[in-house]
Amino acid sequence: MPRVSTDHLAARRQQILDGARACFTRYGYEGATVRRLEQSTGLSRGAIFHHYRDKDALFLALAEQDAERIADVVAEHGLVQVMRDLVADPDGDARSWLGTRLEVARRLRTEPEFRERWQAQLAALGAATRARLERQVAAGVVRDDVPVPVLARYLDLVLEGLESHLARGLPVDELDAVLDLVEGAVRRG
């Protein structure tokens, strides 16, 4: 039997994650049945669960991947850019982050075991936000009269509010202006 290359395995795992992301975004964690995961990924349950132990492991891998991608955007462009991406790209990757983040938030609230497992991702995003703000303070771009942890918490709370707004299907018009206001609130002078 021929060996499967690591590139092929990585591509298959990514195919599963991409299909699962669409399924979890559309149906939520509870509604993402095995049948729906099969339809969304185009693969059998055997193929899916060969790579991921169970639905929970699949969701956790997906959420971790999305958290890493968000942390990368934060490190490079800031948390406001994540918000702008959510508003500007209603059908793209950024919006799929919303579905994942909403499910993570629900599970953080209702599942103590998940909350404990998720602490590393929360810490990584917080660290990326604070590091970016500290670099911006040092460069004279971000205000220095408010401690960086307070600015980071402010931006995190705005992001959570934006996610709630989008999750409820409320209009996105004027949100660019709102995000300009948020960005202006943390910028110097």
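The shown structure was predicted, so the numbers you read here are calculated from the model rather than taken from an experiment.

Caption draft 1: Representation of the overall build of the protein within the structure. Each helix and strand in the protein was counted, giving nine helices and zero strands. Overall, the protein shows an N-to-C arrangement of helices and strands of α-α-α-α-α-α-α-α-α. Each principal axis of the C-alpha atoms in the protein carries an extent, and together these give about 65 × 35 × 30 Å. By the burial criterion, 41% of the 189 residues in the protein qualify as buried. In the protein, 66% of the contacts between residues at least 6 apart in sequence involve partners at least 24 apart. For the protein, the exposed area adds up to about 10700 Å²; of that, 52% sits on carbon and sulfur atoms. One way to put it: in the protein the 27 positive side-chain charges average out to a point 4 Å from where the 30 negative ones average out.

Caption draft 2: The nonpolar core, seen in detail. Membership of the largest hydrophobic core comes to 28 residues, with the highest contact counts inside it found for Val74, Leu79, Val82, Met83, Leu133, Leu155 and Leu162. Counting only elements with at least two residues in this core, the list comes to helix H4 (55–77), helix H5 (79–88), helix H6 (93–110), helix H7 (112–138), helix H8 (148–167) and helix H9 (175–186). By residue number, the principal contributor to this core is H8, which donates eight residues. Ranked by size, the runner-up nonpolar core spans 22 residues in total, among them Phe24, Ala32, Tyr52 and Ala63.

Caption draft 3: Expanded view of the packing of H4 against H7. Orientation of H4 relative to H7, taken along the N-to-C sense of each, is 10°, at an axis distance of 8 Å. Judged on the interaxial angle alone, H7 and H4 are roughly parallel. The segment H4 lies against H7, with Asp56, Phe59, Leu60, Ala63, Glu64, Ala67, Ile70, Ala71, Val74, Ala75, Glu76 and His77 engaging Phe114, Arg117, Trp118, Gln121, Leu125, Ala128, Thr129, Arg132 and Arg135. In the contact of H4 with H7, the residues fall into 12 nonpolar, three polar and six charged.

Caption draft 4: Main features of the packing of helix H1 (residues 6–31) against helix H2 (residues 34–41). Packing of H1 against H2 leaves a shortest axis separation of 8 Å and a crossing angle of 140°. In terms of their interaxial angle, H1 and H2 are classed as oblique. Handedness of the crossing formed by H1 with H2: right-handed. Across the interface between the two elements, Gln15, Ile16, Gly19, Ala20, Ala22, Cys23, Phe24, Tyr27 and Gly31 of H1 pack against Arg36, Leu37, Ser40 and Thr41 of H2. Its residues placed into classes, the contact of H1 with H2 shows seven nonpolar, five polar and one charged.

Caption draft 5: Layout of the packing of aromatic side chains. In the structure shown here, the tally under the stated rule is five aromatic pairs. Relative to phenylalanine 114, the ring of phenylalanine 59 lies with its centre 6.4 Å away and its plane at 40°, an arrangement referred to as tilted. Of this pair, phenylalanine 59 sits in helix H4 while phenylalanine 114 sits in helix H7, and the two are 55 residues apart along the sequence. Its relative accessible area of 1% is what places phenylalanine 114 among the buried residues. Taken together, a centroid distance of 5.6 Å and an interplanar angle of 15° make the contact between phenylalanine 114 and tryptophan 118 stacked. You can see phenylalanine 114 and its partner tryptophan 118 sitting in helix H7, four residues apart, about one turn around the helix. With relative accessibility at 5%, the residue tryptophan 118 sits in the buried group.

Caption draft 6: Molecular detail of the environment of alanine 128. On the secondary structure map, alanine 128 appears in helix H7. C-alpha of alanine 128 to C-alpha of valine 73: the two residues are 55 residues apart in sequence and 9.2 Å apart in space. Ignoring anything within four residues of it in the chain, the contact list for alanine 128 reads Ala71 and Val74.

Caption draft 7: Layout of unusual backbone geometry. In this model, glutamate 174 sits at a positive phi of 75°, which is unusual for a non-glycine residue. With respect to the helices and strands, glutamate 174 occurs in the loop between H8 and H9.

Rules and cut-offs
- Residues numbered from 1 in each chain as written.
- Predicted model: local features only at pLDDT ≥ 70, side-chain atom pairs only at ≥ 80, totals over all residues.
- Heavy atoms only, no water.
- Helix = DSSP H or I, 4+ residues; strand = E, 2+ residues; numbered from the N terminus.
- Buried < 20%, exposed > 50% of the residue type's maximum accessible area, 1.4 Å probe, protein only.
- Contact = heavy atoms within 4.5 Å.
- Areas by Shrake-Rupley, 256 points an atom, 1.4 Å probe, with all protein chains shown as cover.
- Lys, Arg positive; Asp, Glu negative; His and termini not counted.
- Charge placed at Lys NZ, Arg CZ, Asp CG, Glu CD.
- Core = buried A, V, L, I, M, F, W, Y, C linked by side-chain atoms within 4.5 Å.
- Axes fitted to C-alpha atoms, helices over the stretch in contact; angles between N-to-C directions.
- Parallel < 35°, antiparallel > 145°, perpendicular 65-115°, else oblique.
- Nonpolar A, V, L, I, M, F, W, Y, C, P; charged D, E, K, R; others polar.
- Left-handed = near helix turned anticlockwise from the far one by under 90°.
- Phe/Tyr/Trp six-rings, centres within 6.5 Å; stacked < 30°, edge-to-face > 60°.

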